[in-house]
Amino acid sequence: MYHHIVVLTGAGISAESGLKTFRDQDGLWEEHRIEDVATPEGYQRDPVMVEQFYNHRWQQLNDPSVVPNAAHEALAKLEREFPGKLLVVTQNVDNLHERAGNRQLLHMHGELGKGRCPRSRQIFTLHEPFGPDNCCTCCIPAQRLRPHIVWFGEMPLGMDRIHDELERCDLFIAIGTSGTVYPAAGFVEIASHHGALTAEVNIAEKDPHSLFHLHYQKMASEAVPQLVDKILKGSLFAK
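Residues numbered from 1 in each chain as written. Predicted model: local features only at pLDDT ≥ 70, side-chain atom pairs only at ≥ 80, totals over all residues. Heavy atoms only, no water.

Attention now moves to unusual backbone geometry. Omega for the bond connecting Ile140 with Pro141 falls within 30 degrees of zero, at 0°, which places this linkage in the cis form. Positive phi outside glycine occurs at Arg121, with the angle close to 70°. Within the fold, Arg121 resides in the loop between strand S4 (110-116) and strand S5 (123-125). (Helix = DSSP H or I, 4+ residues; strand = E, 2+ residues; numbered from the N terminus.)

Okay, structure coming up:
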């Protein structure tokens, strides 16, 4: 039986709920250049265009057809029933894990449903779209909120805690992420180096150079419920 689990989730788990992945195959983010909508410099050049981009994504997230899928539900079940420690680290900026029931959760790339004061860095839940009237309540004069999203060139959130959890866990699972972009690409190496069993769920074939001990080439909504049941029954084999 495992005692300390860290789960990393990526775009693949949310794509099954009908959300577009941030980057399309052509490298564009919903027909926008990454430099224009996902960098501090792009925001400085044209804050209105960047706000419209994230407002649109926020509205997509609130579409009634977008709901947690079986993989989200299974991870919430794992949190409820697992007797040890669990942390879900997500690269996704949606709220599908929360809606499924996960509370031990860290959004390393920020959240679509929140804005941040550029001066104090205080975080606010969005109740209206970004714009000149959506301002913080922590400063005088009030500051226009920026999206609470980690852009290229910015440090992902919670890295100290993530590293600490990876060094202490005995099971690390990556779900729906390519595992090629750092720092998340290095998580498996940290966990494995400290003795954890490592497993990945991905629709792609296993990379021959992969450091993962176990590979499940299935959709997340199929593989994750099966994996969670094995963990809770103590039947997921160790190294």
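Take the packing of aromatic side chains next. One pass over the structure, following the stated rule, counts 4 aromatic pairs. Grouping aromatic residues by their ring pairs yields a cluster made of Tyr43, Phe53, Tyr54 and Trp151. Here Arg146 stacks its cationic end above the ring of Trp151, 3.8 Å away from the centre of that ring. (Phe/Tyr/Trp six-rings, centres within 6.5 Å; stacked < 30°, edge-to-face > 60°. Lys NZ or Arg CZ within 6 Å of the ring centre and 35° of its normal.)

Within the secondary structure, Gln143 is located in the loop between S5 and strand S6 (146-149). A distance of 3.1 Å separates a polar side-chain atom of Gln143 from the backbone oxygen of Pro141. Residue contacts for Gln143: discarding those within four places in its chain leaves Cys117, Pro118, Arg119, Asn134, Cys135 and Cys136. (Polar contact = N/O pair within 3.5 Å; in protein donor to acceptor, adjacent residues only side chain to side chain. Contact = heavy atoms within 4.5 Å.)

This brings us to the packing of helix H5 (residues 70-81) against helix H9 (residues 220-233). For any two helices packed against each other, one specifies the crossing angle of their axes together with the interaxial distance. Interaxial distance between H5 and H9 falls to 7 Å at its minimum, and their mutual angle equals 15°. Taken together, the axes of H5 and H9 are roughly parallel relative to one another. Crossing hand, H5 versus H9: left-handed. Residues Ala70, Ala71, Ala74, Leu75, Lys77, Leu78 and Glu81 of H5 form the contact with H9, whose participating residues are Ala220, Ser221, Val224, Pro225, Val228, Asp229, Ile231 and Leu232. Each residue belonging to the contact of H5 with H9 can be placed in one class, and the counts come to 11 nonpolar, 1 polar and 3 charged. (Axes fitted to C-alpha atoms, helices over the stretch in contact; angles between N-to-C directions. Parallel < 35°, antiparallel > 145°, perpendicular 65-115°, else oblique. Left-handed = near helix turned anticlockwise from the far one by under 90°. Nonpolar A, V, L, I, M, F, W, Y, C, P; charged D, E, K, R; others polar.)

A word on the sheet that holds strand S9 (residues 214-216). Strands sit in the order S3-S2-S1-S7-S8-S9 across an open sheet of 6 strands; the sheet is parallel. Edge positions in the sheet fall to strand S3 (105-107) and S9, since each has one partner strand and no second. Each adjacent strand pair in this sheet contributes to an overall mean axis angle of 15°, direction not counted. Bridge count for strand S1 (residues 4-9) against strand S7 (residues 171-175) is 5 bridges, and the pairing is parallel. Bridged to Val6 within S7 is Phe172. (Pairing = 2+ DSSP bridges.)

This brings us to the pairing of strand S8 (residues 197-201). Counted residue by residue, S8 has 5 buried out of 5 residues, so it is predominantly covered. The alternating pattern of S8 places Leu197, Ala199 and Val201 and Thr198 and Glu200 on opposite faces, both of which are buried. The pairing of S7 with S8 spans 5 bridges and is parallel. Following the sheet pairing, Ile175 is matched in S8 by Val201. Note: S8 against S9, 3 bridges, orientation parallel. Pairing of Glu200 across the sheet is with His215, part of S9. (Buried < 20%, exposed > 50% of the residue type's maximum accessible area, 1.4 Å probe, protein only.)

Further remarks concern the side chain of Ser14. Positionally, Ser14 belongs in helix H1 (residues 11-15). Residue Ser14 is classed as buried on the basis of its relative accessible area, which comes to 4%. In terms of polar contacts, Ser14 uses its side chain to reach the side chain of Asn92, at 3.2 Å. With near-sequence residues (within four places) excluded, Ser14 lies in contact with Leu19, His72, Asn92, Asp94 and Leu96.

To continue, consider the pattern of salt bridges. All told, the structure shown has 9 salt bridges when counted by the stated rule. With a shortest N-O distance of 3.0 Å, Asp229 and Lys77 are connected by a salt bridge. Residue Asp229 is located in helix H9, and its partner Lys77 is located in helix H5; the two are separated by 152 residues in the primary sequence. Residue Asp229 is classed as partly exposed on the basis of its relative accessible area, which comes to 30%. (Salt bridge = Lys/Arg side-chain N within 4 Å of Asp/Glu carboxyl O.)

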